[in-house]
Structure formats: structure tokens, C-alpha cells
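Breakdown of the fold
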There are 2 protein chains.
Amino acid sequence: MIPGPTNVHLKALEAMQRPLTDHRGPKFEELYAELLENLKYFFQTRKWDVIPFTASGTGAVECIISNAINPGDKVLVPLYGNFTNRIKEIVEIYYGKVVTIKIPEREAVTASQIEEVLKNEKVKMIFVVFNETSTGVKVRDLREIAKIAHDHGALIAVDAVSGLGGDDLPVEDWDIDLCASASQKCLAAPPGICMVSVSDRAWEVINSMKARSYYFDLKLYKRFFVERRQTPFTPAIPIFYAVNEALKVLREEGIENRIRRHKVCAEAFYAAMEAIGLSCYAKKEFRSNTTIAVEVPRSLKDSDIRRIMREKYGVHIAGGMADLRGKIIRIGSMGMVNRRIVMRTINALECTLKELGWNLRVGSGVEAALEVFSKYSGVQLL
Amino acid sequence: MIPGPTNVHLKALEAMQRPLTDHRGPKFEELYAELLENLKYFFQTRKWDVIPFTASGTGAVECIISNAINPGDKVLVPLYGNFTNRIKEIVEIYYGKVVTIKIPEREAVTASQIEEVLKNEKVKMIFVVFNETSTGVKVRDLREIAKIAHDHGALIAVDAVSGLGGDDLPVEDWDIDLCASASQKCLAAPPGICMVSVSDRAWEVINSMKARSYYFDLKLYKRFFVERRQTPFTPAIPIFYAVNEALKVLREEGIENRIRRHKVCAEAFYAAMEAIGLSCYAKKEFRSNTTIAVEVPRSLKDSDIRRIMREKYGVHIAGGMADLRGKIIRIGSMGMVNRRIVMRTINALECTLKELGWNLRVGSGVEAALEVFSKYSGVQLL
């Protein structure tokens, strides 16, 4: 129950047992073509390219920057957590000029904040984190922000590593030029592969540029696929197998159903936290659909909560990152998450808090979650 | 039998079935620390760091350049195949100045060729490909070249992706500052992880530099390991499991035994090719220990040879790359390679050539290989 890597679907796990195939042979070419089609479904695009490669989600973010940003190019990066800060750092490594907006704590950027900045600044790209895993906040106005970007002649790039598949983000419909995601979050596949989707508008920019990295060169990936249905470099083949299986599972469930399932589970978690008496870190209107960030009560230590949950109940949750270390705990509600898993986690948390002397009525959280689930009894929950 | 990915050891394959672990939790920390120790054995170093991360071998090569080369820095890159050309391209992407030596066809660079250039050129780094997979040549004078580099105040960097573990390359003993390798070659693990070893001399250079990539930043990997025994980014956990198992298998066999096994198998292949009447592409003194490159007879087509071997005998071999496309076939003799596998491959090749009308005595290659194996009857061949 950490915010990724998440539990892997059994079919994806089993797929890694297949004998390796030659990545320059016909079997891999067939797999790769199928994988690319399935990835389009995950990103909800029909026309655009989605390019997978062997790296973590951060690799996908760096890939976007290295392909679309030249030294001196201005990039608007609103700051509201660790992963937004990371984007800023990467843009600076590539000698882009970062324009920032410091977002108040517990919030994500809004369309009006971006509009305000663009009145006085001309930027090449706006790069936002859709779901900020470090704080449990999410951007609500992404569609509007994309429109604002285009009205101002800028590209919109999105780090959707921990959001895609777990919250509404129809990439083509919302006109997101560059979107980064990864295998180990809402897709419920093992880590090792990340992906970048590229709009026609983004290709125009990328095609006009000299490569700034060889490994991350999207033009190279595109060319190798078009000419040979292959990847330019040896891919992590077992993970490719697994991701393709996970995508088939996603297709069977349906992307809308999966997103709805994530919404219901998140709502159940939030209701439980309130009933238990814990405060959610994110402001209500910015609460993430996939990462439940909760404040650690002053009388307790986050490391105790995490250790007892792990050792006594087999439930792994995460602590805070950077400035929030020790101040929050984070529950990943992603991927294979369902009623059973939510209940088990809330129950483990309740028992742990009780053992640590926190004043709660055991069962209150479970009851609140139960109420949420009964409200959505028609929703397919696995 | 392609020159990587190679057949994976069953223990490595099975390891990928384990449930995923939290990469910020104690189980992963233990695995990671053990993996780093085992990687040192693979690289034959006691004191130096070996840093693994999620990418292909090309990622490791780019990592070296992005960590140690600043714009304008001179790098000597002798050219003798596809992977040497790739290094040149990457150095140029990072605005390094490439000094080249064009090596005659069918050869690899020698110490005296490098010495000659360094008389007139001061370079920051010499970057060579130990085993050039595209042509089946290998560098014989690597130890001497490292010494020459240091005598001239330069770093020696080596792409040993397809050589490490299959040929003599004691990284610390030979004083190789930066050495790149990957999981899917002589280690017999699945692809997805690459590694870079870093000498103290190389750390001095790297530590004085500003990062030029975030994902490839070796300082970050080092800091995360020292402070937390963790990786900075979500690693391809199943591949980490597999690589650690493959390294344990390597330890059991012993690195010297594994190298000897590769040598015997390569010798058997070369003897067979000669007996069959095929010409080896590499000049005798530069022949690779892991990649058997053979010229395609004028009357035959490489694609026919490869297709029949694959379809009728289940043996996959590779064709030539770039300028050598259609002109050579390449057999990978790496990883789990042993008597049985060598014999099966030669037998399949003989039958295929016969079917295609090539004039040979079926069995002549197998017989020649048999003779080699009997010469080394004391060598452990799996």
C-alpha cells in the first residue's frame, strides 16, 4: 500500500517467467506493436504516439525535458511538492530557465494561478505534476491549464506517473502535449518501464531540435519503430511482457471502470481517516485520487505506525518525503486496489493506532469505509 | 544465440516471480546492499563502487559521459564498429570534442595506436569498446591502454557490456576508471539493468562536476546508497532480484571458471567455422571471446540462414549491423553457453547451409568443435 510500486496483477507477474525472446526478432516485433496499441488505450489517445522505454518515471520526465527544451527556453514549473521540485531541477540541469509559482501548502496549482503568470511571461512549456505523490494533492484544472498553455503558444507537459489510470486524464481529449507515466502505479505492473505520449504539436517542436540525450532521444525510438518495429536499445523484455499483460487486464476492466474504482476506494479511505480522527494533509478540493496523505498525530511517531503495520499486519505504507518526513504517512490506493485491500489497510491502521495509545473507537474507520462502498454498490470493484 | 540478451539462468528467471517489495523498505535495502557486493565480484574489484540502475547498456555508456565530460573536454574514441560510433555520437551530444582513430576493418584498437595519438593530443578521457559486438573484435591491450591513459593524465573508460564475465577484465587490477556493463550478456540475467564501476580517480573528476543528467547522476546514486541503502529512483525490482540470483550463480561457478568456459566455447566455434569453410570476420589476433562474427558466403543470403536456423532448429542468431548488414552473421557465445549449446548451434548451422546448397561435409564443424572440447576436458563447462 505504498504509492508505488503497487501490487502486481498475477498475470503480469506470471508473464515474466516466459523465456526471453530476441529483441531483433519477429516475436518481439509483434509484442512491441501490440504493446504500443495497448499503451494508447491507457493514455486514452487514438492518434498520438506513446513511447515506452526502460527507466523509472523520472526517466520519462527527463526524457520530455531533454527532447523539448533548449538552453535558455523558459519553462513554467509551479511548485507544490517533491516531484514538482524535481522537474525544476531537471530543467535547470538542461539549462532551461525556470519560471515558478510557489503554491500554498496542501494545494496544487490552479488554472487562474497559471493564467496570472502568463500575462507577463512568455514560456515554451508548462510542466505540471498531475498527482503529486509526495503531498497527496492533485491538479483539478488540468484540461483548462492545457487550453491556457495553447492559447499562449506553450506546450503542456504533465508528470502523470502516479495518476494515469487512477484518475480522469484523457490525454488526447484534454490536449496534453507530453505526458509521462510508468508501469508500477495504477497499471499494477512491475517497475522498470516508463512511457511518454507525444502530440503532433510536441513532435513539431521535438523534430526541430538536436538531441540532448542519446538514451532519451524520442526521435530515435520513433524511427526504430516505424522502420523496424523495434526499440533502439535492448529493452527490459520481461517487464515488457508484464506491462503488456497488465494492459490487457486494464482493457478487460475498461479504463473508465478502473478510474471509477480508484475514486470509490479513495473516497472510502478519506471517510475512514475522518472517522478515525486523523487529518488529511491535502485540502479537500485538492485531494488525490490515488495517494492518501494523512498527518501523523503529534503524540505518535510515523516510523512506529509504519513498522507495526508492516510487521504485525503485513501492510506497507509510506512516510513523508523531504520536509514532510515524519509529519505525514502516505497510503497508495493504486493499481489492484479494491474493497478487500482498503478494508484490510484501514483495519491494520486502526489496530496499530490503538496499540500506540491513540484514542479511537476500533471499527469506526472500517464502518465509514463500508458506508462509502455501499453507496457505490453498482461499481465494479474487482 | 544472439549476442545478448542471452539465455537466462533458471534461478534468475524464477526470481522474477517473487512478490514485489517496497523499494523504500528494509527488504529491498538488504537486497540492494547484497547486490552491490555481488556486482563487485563480477567487476573484480574490492574497493571501488559498482552502481547498477534501470536502463540498457547504452544507458551506462551515456551515464559515464554525462558524469565525467564537460562541454569542450576532449575524448579519444577509436572507431572500429557500431558501438564505438555510438560513443562518439554521445560524446558529441554532450558537446565533448571527439578525437578519433579510424581503425582498419576487422581489427580493434591497439596500445601503440593510442600512444601515437597521445603524443600530440591531450585528452581528458579515452573511451574504448572492449568487445565490439557489431564486428566480433576485441581489444587485446586494454591493460596497457589503461596505463598509457594514466601516464598521460587521462581517464580510461570502457564499454564492456558484451565482454565482462566472458573475457579477462579484472577492472581494479587493470585500473579501469569507468567500466560499463549490463545484465543480459555474460551474466545470463534478463535485460533491464546496467552497471557502471567507478575508480577513486574517476570519482574525483565526477565530484568536481555539475550533473548533466538527473537520471544518470552517479553522485545521487552514491549518496542514496550511503545515506539510506536505497536507489534514488524506483528500480526495476524483478530484474534486481534476477540479477542478484545470476550473480550468486556466477559466484558459485567462479569468475575465472566462467571466463575459461567462454574461451573454450569460443575456440570451439571458431574451429567449427573453419572446418565448415566459413571465414571469420575479425582478424585472428582480434577475435572476440563472446561474439562469433562470420562472413556470409556470396552465394547465400544471411536472412535465409537466420530464418531456417530459427524456424527449423529453434536457434536464433544475429545478422550484421549498419554497413555489415547482410554481410556477416553473428553468434553470441555468452552467459549460459556450454558444450551442449555450442554443438546444437553448429549442427543447426551445418544443416541450414546444406539445405541452402552450400558445399560442406555435414559433421565437419561438429567434429572440429569436439576436438577443442576434448583438449580442455578438465575445464568446467556446466
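Residues numbered from 1 in each chain as written. Chains lettered and ligands numbered in written order. Predicted model: local features only at pLDDT ≥ 70, side-chain atom pairs only at ≥ 80, totals over all residues.

Below, the discussion takes up the relation of the copies chain B and chain A. Rotating chain B by 180 degrees and moving it 0.0 Å along the rotation axis overlays it on chain A with an RMSD of 0.0 Å. Taken together, the turn and the small shift mark the pair as related by a two-fold rotation axis. Taking C-alpha positions as reference, the residue of chain B nearest the rotation axis is B:Ala55, located at 2.8 Å. A share of 100% of the interface residues of chain B reappears at the interface of chain A, consistent with the copies meeting face to face through the same patch. (Least-squares fit on C-alpha atoms with pLDDT ≥ 70 in both. Contact = placed C-beta atoms within 7 Å.)

On to the packing of helix H2 (residues 26-43) of chain A against helix H9 (residues 237-253) of chain A, then. Residues and elements named next belong to chain A. As a packed pair, H2 and H9 sit with axes 9 Å apart at the nearest point and diverge in direction by 45 degrees. Taken together, the axis directions place H2 and H9 in an arrangement best described as oblique. Read as a crossing pair, H2 and H9 show a hand that is left-handed. Two secondary-structure elements touch here, H2 through Leu31, Glu34, Leu35, Asn38, Leu39, Tyr41 and Phe42 and H9 through Phe240, Val243, Asn244, Leu247, Lys248, Leu250 and Arg251. Taken together, the residues of the contact of H2 with H9 sort by class into nine nonpolar, two polar and three charged. (Axes fitted to C-alpha atoms, helices over the stretch in contact; angles between N-to-C directions. Helix = DSSP H or I, 4+ residues; strand = E, 2+ residues; numbered from the N terminus. Parallel < 35°, antiparallel > 145°, perpendicular 65-115°, else oblique. Left-handed = near helix turned anticlockwise from the far one by under 90°. Nonpolar A, V, L, I, M, F, W, Y, C, P; charged D, E, K, R; others polar.)

Right, let's talk about helix H2 (residues 26-43) of chain B for a bit. Residues and elements named next belong to chain B. Between its first and last C-alpha, H2 extends 26 Å over 18 residues, near the 26 Å set by a 1.5 Å rise per residue. Taken together, the buried positions of H2 are occupied by Phe28, Tyr32, Leu35, Leu39, Phe42 and Phe43. All buried residues of H2 lie within an arc of 75 degrees about the axis, which places them on one face of the element. Away from the buried face of H2 by more than 90 degrees, exposed residues Pro26, Glu30 and Ala33 are located. For H2, the secondary structure elements touched by its buried residues are strand E1 (49-54), strand E8 (178-182), strand E9 (193-198) and helix H9 (237-253). Glutamine 44, located one to two residues past H2, shows a positive phi value of around 55 degrees. (Expected span 1.5 Å × (residues − 1). Buried ≥ 20, exposed ≤ 12 C-beta atoms within 10 Å, placed from the backbone. Arc of directions from axis to C-beta.)

Residue and element names in this part refer to chain B. Structurally, glutamate 121 is set in the loop between helix H5 (111-118) and strand E4 (125-129). Here the alpha-carbon distance between glutamate 121 and valine 75, two residues 46 residues apart in the chain, equals 10.0 Å. Contacts of glutamate 121, omitting those with residues within four sequence positions, involve Lys74, Leu76 and Val99.

With that settled, consider the sheet that holds strand E10 (residues 291-295) of chain B. Residues and elements named next belong to chain B. The strand order across the open sheet built from three strands is E10-E12-E11, with neighbouring strands paired in antiparallel fashion. Sheet topology places E10 and strand E11 (318-319) at the edges, where each strand pairs with a single neighbour. As paired strands, E11 and strand E12 (residues 328-332) are joined by two bridges and run antiparallel to one another. Counted as the bridge partner of alanine 318 is arginine 330 from E12. (Pairing = 2+ DSSP bridges.)

A common measure of how large an interface is: the accessible area buried when the components associate. Contact with chain B, which involves 40 residues of that partner, is made by 41 residues of chain A. Of all the elements in the fold, those that place two or more residues in the side of chain B that touches chain A are helix H3 (57-68), helix H4 (82-93) and H9 of chain B. Counting residues per element, the side of chain B that touches chain A draws most heavily on H3(B), at four residues. Split by residue class, the side of chain B that touches chain A holds 21 nonpolar, 14 polar and five charged.

Let us look at unusual backbone geometry. Put simply, A:Gly4 and A:Pro5 share a cis peptide bond, and its omega is -5 degrees. For A:Pro5, the position within the fold is in the segment before helix H1 (10-15). The phi dihedral of B:Ala188 falls on the positive side, at around 65 degrees, and the residue is not glycine. Along the chain, the position of B:Ala188 falls in the loop between E8 and E9.

In this section: the domain arrangement of chain A. Residues and elements named next belong to chain A. For chain A, the assigned domains read domain 1 (10-253) and domain 2 (255-375). Taking the mean C-alpha position of each, domain 1 and domain 2 sit 28 Å from one another. Counting from both sides, the interface comprises 26 residues of domain 1 and, opposite them, 24 residues of domain 2. For the side of domain 1 that touches domain 2, the secondary-structure elements that each account for two or more residues are strand E6 (137-138) and H9. Among the residues making up the side of domain 1 that touches domain 2, the classes are represented as seven nonpolar, eleven polar and eight charged. (Domains from an automatic or database assignment.)

Let us now look at the sheet that holds E8(B). All names here are of chain B. Across the sheet, which stays open at both edges, the seven strands sit in the order E1-E9-E8-E7-E4-E2-E3 with mixed pairing between neighbours. Of all strands in the sheet, those bounded by a partner on one side alone are E1 and strand E3 (97-102). Pairs of neighbouring strands in the sheet enclose a mean axial angle of 20 degrees, with direction left out of account. Pairing analysis gives six bridges linking E1 to E9, with the strands arranged antiparallel. By the bridge assignment, valine 50 is partnered in E9 with serine 197. Its contacts with the sheet put H2 on E1, E8 and E9, and the angle it makes with E1 is roughly 110 degrees. On top of the sheet, H3 reaches E4, strand E7 (155-159), E8 and E9; it is set at about 160 degrees to E8, its chief contact.

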